[in-house]
Amino acid sequence: MTAQPFAAQLDVMARLQEPDNRKDPFPFLAWLREHDPVHQTPRGTYVLSRHADVAQVLQESGTVFLSPDRAKLATQFPEALQHRSMAVFASSIAVSNPPEHTRLRKVVSREFTARRVVGLRPRITEICDRLIGEIAEPLLDGEEVDLQRRFAEPLAIGTLSVLLGVPDEDRVWLASLVEGVLSAFPGAPADVIARADWLTAEMEEYLVSLIERRRNAPEDDLITALAGPNEDLAEHELVPMLWALWCAGFKTSAAGISNGVLAVLEHPDQVHWLERDASAFANEVLRLNPPTILTPFVRIATRDVEFGGGTVTAGSDVRLLIGAANRDPEVFDDPERFDPSRDTKASLAFAGGIHFCVGAGLARAEMEIALPRLRAQLPSLGYASEPTWSPAVFHHMVKTLPVVHRRTDGRKR
Ligand code: HEM
């Protein structure tokens, strides 16, 4: 591929949705990082891909780079706030700025602690073993199973539900709303926004009723904890907080698990790490194949900022290519190699700075539990056919992951 003339017209978002890039976006991301690290799309958004630049924007979020919060949306797209789908998004922690962000973050961090995650590990293990039990029989009978639908997604939904306190019978339904709820944005087609508003109303009304139930009958879950007396969280901020946790936590953690399964299938020489140090294995999966390859939430530059490969001008939207930064040879030796022994501290899979993922510890715990257990109980998984890839532009994740259990001689059982 040649450099600048092509880069000037390049619509990165559209390119990332092309089938070849859905499957393997990394050669394209490497090209961008090398040839056009401060890329401006035809719509004016800057897309940064070097590790140093991405890390700088993350660290300067809340100061030099601001999120499009409610106040910003009210000036730029006042009509958007009349839509439930966009109003709840604009009130959420994910796009708020200090001092609101600092306060909201303090509230959620006080309750969603490392200790709470440790306490959830036995429940995650239980859900994991139940799901493995359900797929083991058909697999051992020679049937094909879609691991995304029958393992990664239900494990992610189950874990998130236990964390928050969503009852068994409502989980699948509540998770089914997420994609539609997140589909609205200023300028989206009217029917898409109308549907997102309707689904958001369903989700919000459900969350309000659940808050009420937990206030009447408290449980050991995050909804009960956040819905208790709390001088740092106003009543109208509670639903957007739960909305953010549910919507941000579901597809991403399912993708963490399935990207981990892909690593097991692709790198049999490295699976011994699952017994030795599952956390190192999970961290390397997240570095090499981060579920969020492009930040879903834009930042807006408050002033001109010079980067190595160009200048971002004041007032512009900025997006960050985590998928490119995590394979930057300036930071990671032999970056395309899957190597659980490497130091992954500089990985930006969960972003950084003030918006560093609240659920990182939980997502890691799910991978650390699920991958060794799946490997130990179903040691001979192999592809039944090629996985299919999700069209979601911000995430690199499978839509289906069809597997079979092979005999040791390599044939299907
Ligand atoms: C492997 C799984 C996950 C990945 C890769 C991931 C990735 C990310 C990234 C990259 C961000 C920053 C986005 C930005 O600033 O533009 C983020 C923020 C966030 N994530 Fe996650 N996430 C995962 C799991 C979870 C889970 C399980 C939860 C909830 C239980 C969660 C809740 C959130 C929330 C609420 C934010 C916004 C935090 C803030 O703005 O202060 N995430 N996540």
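As recorded by an unreviewed UniProt entry, the protein carries the name Cytochrome P450 and is attributed to Amycolatopsis speibonae.

**Q** What exactly am I supposed to notice about the environment of Val 178 here?
**A** As for its position among the elements, Val 178 is in helix 12 (residues 178–181). Note: C-alpha distance between Val 178 and Pro 379 (201 residues apart in sequence) is 33 Å. Sequence-distant contacts of Val 178, defined by excluding residues within four places in its chain, comprise Met 203, Trp 246, Cys 247 and Phe 250.

**Q** Could you clarify how one ought to interpret the sheet that holds strand 12 (residues 402–405) in this entry?
**A** Two pairing modes exist for strands in a sheet, parallel and antiparallel, and in both the strands are linked by backbone hydrogen bonds. With antiparallel pairing, the 3 strands of this open sheet are ordered in space as 4-12-9. Where the open sheet ends on each side, the last strands, each with one partner, are strand 4 (145–146) and strand 9 (381–383). Inspection of the sheet shows strand 9 paired to strand 12 by 3 bridges, in the antiparallel sense. Each bridged residue has a counterpart across the sheet, and for Leu 381 the counterpart in strand 12 is His 405. Packing against the sheet, helix 15 (residues 235–266) makes contact with strand 9 and strand 12, and its axis sits at approximately 95° to strand 9.

**Q** Teacher, can you tell me more about the state of the cysteines here?
**A** Covalent bonding between the sulfur atoms of two cysteines is what defines a disulfide. On inspection of all chains with the given rule, the structure shows 0 disulfides. Just so you know, Cys 128 is unpaired, no disulfide at all, and the nearest cysteine sulfur is the one on Cys 357, 20 Å from it. A residue is classified by how much of its surface remains accessible, and Cys 128, at 0% relative accessible area, is buried.

**Q** Would you mind going over the site of the ligand with me for this structure?
**A** Surveying the vicinity of the ligand reveals 28 residues, the closest of which are His 101, Arg 105, Arg 299, His 355 and Cys 357. One nitrogen or oxygen atom from the side chain of His 101 is found 2.7 Å from an oxygen atom belonging to the ligand. A distance of 2.6 Å separates an oxygen atom of the ligand from a polar atom in the side chain of His 355. Broken down by element, the residue count for the shell around the ligand peaks at 5 residues, all from helix 15. A breakdown of the residues in the shell around the ligand according to their chemical character gives 18 nonpolar, 8 polar and 2 charged.

**Q** I keep staring at the nonpolar core and nothing clicks. Help me out?
**A** The tendency in soluble globular proteins is for nonpolar side chains to be buried side by side. Ranked by internal contacts, the top residues of the largest apolar core, which has 88 residues, are Phe 151, Leu 164, Met 203 and Trp 246. Looking at this core, the element that brings in the most residues is helix 15, giving 17 residues. Formed by 18 residues, the second largest nonpolar core is a distinct cluster that contains Leu 58, Ala 301, Val 305 and Val 318.

**Q** Got a minute to help me understand the environment of Trp 246 in this structure?
**A** Along the chain, the position of Trp 246 falls in helix 15. In this structure the C-alpha to C-alpha distance between Trp 246 and Leu 174, which are 72 residues apart in sequence, comes to 8.8 Å. The contacts of Trp 246, once residues within four sequence positions are left out, are Ile 157, Leu 160, Ser 161, Leu 164, Val 166, Arg 171, Leu 174, Ala 175, Val 178 and Met 203.

**Q** Where do I start with the coordination of the iron atom of the ligand in this structure?
**A** For a metal with four tetrahedral donors the ideal donor-metal-donor angle is 109.5 degrees, while six octahedral donors give ideal angles of 90 or 180 degrees. There is one protein donor for the iron atom of the ligand, and it is Cys 357 (SG), at 2.3 Å. You can see Cys 357 is positioned in the loop between helix 18 (322–325) and helix 19 (360–377).

Thresholds applied
Each residue is numbered by its place in its chain's sequence as written, counting from 1. Local features in this predicted model are restricted to residues of pLDDT 70 or higher, and side-chain atom pairs are both shown and tallied only at a pLDDT of 80 or more, whereas totals for entire chains, interfaces and linings draw on every residue. Side-chain metrics in this entry use all non-hydrogen atoms of the structure; hydrogen atoms and water are not considered. Put simply, DSSP marks the helices as runs of H or I at least four residues long and the strands as runs of E at least two long, and each gets a number from the N terminus on. Two residues qualify as a contact provided that any one of their heavy atoms is within 4.5 Å of a heavy atom in the partner residue. Only strands joined by at least two bridges in the DSSP assignment are considered to pair. Axis lines are fitted through C-alpha atoms, for helices just across the contact stretch, and the angle between N-to-C directions can take any value from 0 to 180 degrees. When the sulfur atoms of two cysteines come within 2.5 Å, that pair is taken as a disulfide. Using a 1.4 Å probe on the protein chains alone, a residue whose accessible area is under 20% of its type maximum counts as buried, one over 50% counts as exposed, and one in between counts as partly exposed. We call a residue near a molecule or strand when any one of its heavy atoms sits within 4 Å of it. Nitrogen and oxygen atoms within 3.5 Å of one another constitute a polar contact, given that in protein one can donate a hydrogen and the other can accept it, and given that sequence-neighbouring residues count only through two side-chain atoms. Gly is put with the polar residues, along with every residue not named as nonpolar or charged; the nonpolar set is Ala, Val, Leu, Ile, Met, Phe, Trp, Tyr, Cys and Pro, and the charged set is Asp, Glu, Lys and Arg. Buried residues of nine kinds, namely Ala, Val, Leu, Ile, Met, Phe, Trp, Tyr and Cys, make up a nonpolar core once their side-chain atoms join them within 4.5 Å. Because no water is among the atoms considered, metal sites can look incomplete, with donors defined as N, O and S atoms within 2.8 Å of the metal, or 3.2 Å for Na, K and Ca.

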